[in-house]
Amino acid sequence: MKTFVQNLAAAYEAIQIEYFQHLHAHPELSFAEYETSTYIKEQLTAMGIRLLDGISGNQKEKAFSILYNMMHGGTDAFSIIGAIVSQFEMMLSVKQMREEGLDLSAIHKKLGGSEFRIKKMLPYANRYSVDKLKQVLSSIYEGKYELKRKRNLSEI
């Protein structure tokens with residue numbers, strides 16, 4: 001286990017240094033961290049896409065490494081589940097719109113958000129049927145509900 005954690009830390013050291021350097025090269029005043037907020041959202045989206053890549057590509061070690069990094073970095077379980085749900089919801093929307101014959105720009109116009117994210121979803125959306133994506137989302141929603149229910153029971 002120690003070797004796994006050491007390898008994981010080494011793998012993410014460069015990313016952590018990059019984040020540190022970027023944030024310190026672009027300082028903002030407290031309560032006015034607009035560019036910082038945008039940067040963090042972009043990085044979380046990219047991390048969510050890498051996580052989705054690991055999950056959908058059956059690359060378990062990659063997916064677990066990303067999950068470990070997110071949890072070790074202080075991201076709570078509900079935020080992680082939310083990131084996964086968001087990726088799968090986007091994938092389902094993209095898949096449905098592609099099946100309706102919409103191209104990338106029409107999908108972007110209809111969904112809004114980041115064109116980069118939509119473009120990254122296309123290959124993943126093509127891997128699954130609409131029914132399979134709905135099934136996966138249903139399972140994730142059910143798991144999230146159970147996790148919340150168990151957490152609420154433990155607080156009583």
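Look above for the structure.
As a starting point, this report considers the structure included with it. Residue indices follow the written sequence of each chain, beginning from 1 at its first position. Thresholds applied to this predicted model are a pLDDT of at least 70 for local features of residues and 80 or more for the giving and counting of side-chain atom pairs; totals over whole chains, interfaces and linings are not thresholded and use all residues. Note that water and hydrogens are dropped before the side-chain values are worked out from all heavy atoms of the structure.

Some thoughts on the packing of helix 4 (residues 77-99) against helix 5 (residues 104-111)
Piece 1. Axis definition: a line fitted to C-alpha atoms, limited for helices to the stretch in contact. Angles are taken between N-to-C directions and run from 0 to 180 degrees. Counting from the N terminus, the helices are the DSSP runs of H or I reaching at least four residues and the strands are the DSSP runs of E reaching at least two. Interaxial distance between helix 4 and helix 5 falls to 10 Å at its minimum, and their mutual angle equals 130°. Relative to helix 5, the element helix 4 lies oblique. Considering only the axes of helix 4 and helix 5, their crossing is right-handed. Contacts between helix 4 and helix 5 pair M90, S93, V94, M97 and R98 from the former with L104, I107, K110 and L111 from the latter.
Piece 2. Throughout this entry, Asp, Glu, Lys and Arg are counted as charged residues, while Ala, Val, Leu, Ile, Met, Phe, Trp, Tyr, Cys and Pro are counted as nonpolar. The remaining residues, Gly among them, count as polar. Of the residues in the contact of helix 4 with helix 5, the class split is six nonpolar, one polar and two charged. To sort the angles, those under 35 degrees are grouped as roughly parallel, those over 145 as roughly antiparallel, those from 65 to 115 as roughly perpendicular, and the leftovers as oblique. Crossing handedness is read from the near helix: turned anticlockwise from the far helix by less than a right angle, it gives a left-handed crossing, and turned clockwise, a right-handed one. Residue contacts follow a heavy-atom distance rule, with two residues in contact if any of their heavy atoms lie within 4.5 Å.

Here's the deal with helix 6 (residues 115-127)
Piece 1. Two axes enter the bend calculation: one fitted to the seven residues ending at the residue in question, the other to the seven starting there, and the bend is the angle between them. The principal kink in helix 6, of about 30°, is found at M121, preceding the proline P123 by one to four residues.
Piece 2. In this scheme, a residue with accessible area under 20% of its type's maximum is buried, one over 50% is exposed, and one in between is partly exposed, where area comes from a 1.4 Å probe on protein chains only. Every buried residue belonging to helix 6 is among R117, I118, M121, L122, Y124 and A125, and all of these are buried.

What about the nonpolar core?
Piece 1. Here, the term nonpolar core denotes a set of buried Ala, Val, Leu, Ile, Met, Phe, Trp, Tyr and Cys residues that are joined through side-chain atoms within 4.5 Å. If you look at the biggest cluster of nonpolar residues, it comprises 28 residues, and the most contacted ones within it are F88, M91 and V94.
Piece 2. When contributions to this core are tallied by element, the ones reaching two or more residues are helix 2 (34-56), helix 3 (60-72), helix 4, helix 6 and helix 7 (130-155).
Piece 3. By residue number, the principal contributor to this core is helix 4, which donates ten residues.

Regarding the pattern of salt bridges
Piece 1. Take a side-chain nitrogen of Lys or Arg and a carboxyl oxygen of Asp or Glu: if they are within 4 Å of each other, that pair is a salt bridge. For the structure shown, the criterion picks out one salt bridge.
Piece 2. As a salt-bridge pair, E99 and K95 come within 3.9 Å of each other at their nearest N and O atoms. With E99 and K95 both in helix 4 and four residues apart, this pair spans about one turn of that helix.

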